[in-house]
Amino acid sequence: MKRVLVEDLETVIKSKEAKVSVIGQGYIGLPTSLLIAKAGFSVYGYDINRDLIKELLLGKTRLAKEKGIKNLISELKGKKYMPTSRLEDLIGSDVIIIAVPTPKGRNGPNISMVLEALENALELVRTGGLIVVESTLPPRTFYDIIIPEVEGHGLKIGRDIFLAYCPERALPGNLLHELVNNFRIIGAIDERSGQLAKLLYSSFVKADIEITDPLTAEVVKLVENSYRDVNIAFANEVARICEVLGLDVRDVRRLSNRHPRVHMLVPGIGVGGSCLTKDPLFLFWASKENGYLPELIRNARGINSEMPHHYAMILDDIIRRMNGGSTGTIAVLGVTYKGDVPDIRESPAEPFVKDLINRGHVVKIYDPLVKFSFGGKYVSDIMEAIKDADALAFVTDHSEFKFIDLAKLRRNINKRQVILFDGRLLFDPSEAEEAGFIYVSVGRSFGRLEERMIKINHLYEI
Ligand SMILES: NC(=O)c1ccc[n+]([C@@H]2O[C@H](COP(=O)([O-])OP(=O)(O)OC[C@H]3O[C@@H](n4cnc5c(N)ncnc54)[C@H](O)[C@@H]3O)[C@@H](O)[C@H]2O)c1
């Protein structure tokens, strides 16, 4: 089925005549396809999810909240960008990019989807074509699995086929901007593969692109996310220290950050998203297998995953104390893992909600971006969701919440005492208390709670 090598790949990439296919049309594959199409190439966006392709063919997308994506789809669809669920459409591609998930399994990474996509790519790419893996790879996958797989098809890399690893590090919520403006790294074993991949990415990337070996590229991608996870864990640990020492982490962070070499992040109820929750583990597993146990990275993961359970326990304790030992109703506000992004993957809302339900509470969910409840009861109107709540728990920092009228929320709740749990440090404690809430947050002492309850009792005698 392979098209005979007629043109030089470099020429068709330079002239934008190259046929480019992207396997996987999710958070990474879709915007990448659109940017390459916008640069002038004909791009086939393939996905096994037929519903997703049907939506794209109708001009709809789950990434509609990502700035610029909908406009690019309507501008390019059917002209330069062809969404498809037919593998045949990819036959003879000059370039195939793989952007399928690499989730974590119980005891290690799961790269089965990359291997399936690679098999297809090897069948469909033309002789002398380029395959680029964008999916996150655990260390040594390129050397130990991808290269042998390609060579197993009788292809010599750098002669019959070109092969590169170009890991993606863009942040949902700002995908198009980051894909264009972030520094990129390309891993390749031969110079020509690296240069061809660089030529392709230069068609839409404005930042520097550096070529290195595949193992370095694999590790750099994982180090970036591990660095962030460890830094968030540090902020979360300081928050927990402040809770037991009777301090407010806001004061501690503000004053610490006045030091020129301290840049502490904002602590919160947990870390989510598909990358930050797995990339540090990919690094941990690879290092452990090779003889070094990276304790810091493992502990950071542990601290961050414990956060939602810690606050479910705190909320359970406070509600029971308030309700004479009985459980209550909790309105969880926001379930996506990140503000203003409709992505629930690995969201800390999931363990938080499930833990509260297991402890016997009624959990109602409101999220302006997704109708997802993790076993709670989804309510599409915020006022309806909170009206009989003993506690409001803000889990996601959606813009809609940041500027919400707390006094109006409080007036809508028909309870004498209502807790406002601030899982993202969105509110000023005194403003929340003035609005009539018992304010509880990450990184703040719970010690004087009884005192605050008495104050609120006095204010809201009904
Ligand atoms: N989402 C992010 O923020 C982000 C950031 C950087 C890197 N990454 C990495 O990029 C890769 C893709 O992640 P994503 O977030 O775009 O995933 P995603 O789940 O949003 O999209 C992946 C798509 O691939 C499709 N798919 C799965 N197997 C397939 C197959 N064999 N053939 C064709 N399509 C297939 C799925 O149906 C899905 O639509 C992952 O390795 C991830 O770690 C993601």
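Residues numbered from 1 in each chain as written. Predicted model: local features only at pLDDT ≥ 70, side-chain atom pairs only at ≥ 80, totals over all residues. Heavy atoms only, no water.

**Student:** I would appreciate a short explanation of the overall build of the protein chain in the present structure.
**Tutor:** Regarding its fold elements, the protein chain presents 18 helices and 14 strands. Taking 23 Å as the expected radius of gyration for a compact globule of 462 residues, we find that the protein chain reaches 25 Å, a close match to that expectation. Its C-alpha atoms give the protein chain principal-axis dimensions of roughly 85 × 50 × 40 Å. Here the protein chain holds 462 residues, and the buried ones make up 54% of them. Taking as baseline every contact in the protein chain between residues at least 6 positions apart, the subset at least 24 positions apart corresponds to 72%. Of the roughly 20200 Å² of accessible surface on the protein chain, 52% is carried by carbon and sulfur atoms. Of the side-chain charges in the protein chain, 61 are positive and 61 negative, and the distance between the mean point of each set is 3 Å. (Helix = DSSP H or I, 4+ residues; strand = E, 2+ residues; numbered from the N terminus. Rg over C-alpha atoms; globule rule 2.2 N^0.38 Å. Buried < 20%, exposed > 50% of the residue type's maximum accessible area, 1.4 Å probe, protein only. Contact = heavy atoms within 4.5 Å. Areas by Shrake-Rupley, 256 points an atom, 1.4 Å probe, with all protein chains shown as cover. Lys, Arg positive; Asp, Glu negative; His and termini not counted. Charge placed at Lys NZ, Arg CZ, Asp CG, Glu CD.)

**Student:** In this structure, what is going on with the site of the ligand? I would like to understand it.
**Tutor:** Surveying the vicinity of the ligand reveals 26 residues, the closest of which are Ile28, Asp47, Thr102, Thr136 and Lys278. Between the ligand and Ile28, the relevant distance is 2.9 Å, taken from an oxygen atom to a main-chain nitrogen or oxygen of the residue. The separation between an oxygen atom of the ligand and a polar main-chain atom of Thr136 is 2.9 Å. Here the ligand loses 91% of its free accessible area of 830 Å² to cover by the protein chains. Its residues assigned to classes, the shell around the ligand comprises 13 nonpolar, seven polar and six charged. A domain-level breakdown of the shell around the ligand finds at least three residues from each of domain 1 (9-212) and domain 2 (218-462). (Near = heavy atom within 4 Å. Polar contact = N/O pair within 3.5 Å; in protein donor to acceptor, adjacent residues only side chain to side chain. Nonpolar A, V, L, I, M, F, W, Y, C, P; charged D, E, K, R; others polar. Domains from an automatic or database assignment.)

**Student:** It is not clear to me how a nonpolar patch on the surface should be interpreted in this structure. Could you clarify?
**Tutor:** Together, Ile241, Val244, Leu245 and Leu247 make up an exposed nonpolar region whose accessible area comes to about 400 Å². The residue Leu245 is located in helix H9 (residues 214-245) in this model. (Patch = residues over 30% accessible without salt bridge, like charges linked within 9 Å, V, L, I, M, F, W, Y side chains within 5 Å. Salt bridge = Lys/Arg side-chain N within 4 Å of Asp/Glu carboxyl O.)

**Student:** Can you walk me through the layout of surface pockets in this structure?
**Tutor:** Take a probe with the size of a water molecule and roll it over the atoms, and the empty space left behind shows itself. Volume-wise, the second largest pocket comes out at about 280 Å³. Around the second largest pocket, the lining is made up of 16 residues, and of these Val271, Thr277, Ser305, Glu346 and Pro351 lie nearest the centre. Looking at the lining of the second largest pocket, the elements with two or more residues in it are helix H12 (295-322) and helix H13 (349-358). A total of five residues in the lining of the second largest pocket trace back to one element, the largest contributor, which is H12. (1 Å grid on protein atoms, 1.4 Å probe; cavity = no way out; pocket = protein on both sides within 12 Å on 5 of 7 lines; lining within 4 Å. Points joined across faces, edges and corners; volume = space filled by probe spheres on them.)

**Student:** I would appreciate a short explanation of the packing of aromatic side chains in the present structure.
**Tutor:** Taken as a whole and judged by the stated rule, the model has nine aromatic pairs. Where Phe394 meets Phe427, the ring centres are 4.8 Å apart and the plane angle is 70°; that geometry is what we call edge-to-face. On the criterion of sequence distance, the pair formed by Phe394 in strand E12 (residues 391-394) and Phe427 in the loop between strand E13 (419-422) and helix H17 (429-434) is long-range, its members being 33 residues apart. With respect to burial, Phe394 and Phe427 carry one shared label: buried. Pairwise contacts between aromatic rings join Tyr366, Phe394, Phe401 and Phe427 into one cluster. Positioned above the aromatic ring of Tyr44 is the side chain of Lys19, whose terminal nitrogen or guanidinium carbon lies 4.8 Å from the ring centre. (Phe/Tyr/Trp six-rings, centres within 6.5 Å; stacked < 30°, edge-to-face > 60°. Lys NZ or Arg CZ within 6 Å of the ring centre and 35° of its normal.)

**Student:** What exactly am I supposed to notice about the domain arrangement of the protein chain here?
**Tutor:** Frequently, the measure chosen for interface size is the accessible area removed from exposure when the parts meet. The assigned domain composition of the protein chain is domain 1 (9-212) and domain 2 (218-462). If you average the C-alpha positions of domain 1 and of domain 2, the two centres end up 36 Å apart. At the interface, 26 residues of domain 1 touch 22 residues of domain 2. Of the roughly 1900 Å² buried between domain 1 and domain 2 on both sides combined, carbon and sulfur atoms contribute 64%. The largest per-residue losses of area from domain 1 upon contact with domain 2 belong to Tyr27, Lys104 and Pro139, which jointly make up 31% of the total buried on that side. (Buried area = accessible area lost by both parts, 1.4 Å probe.)

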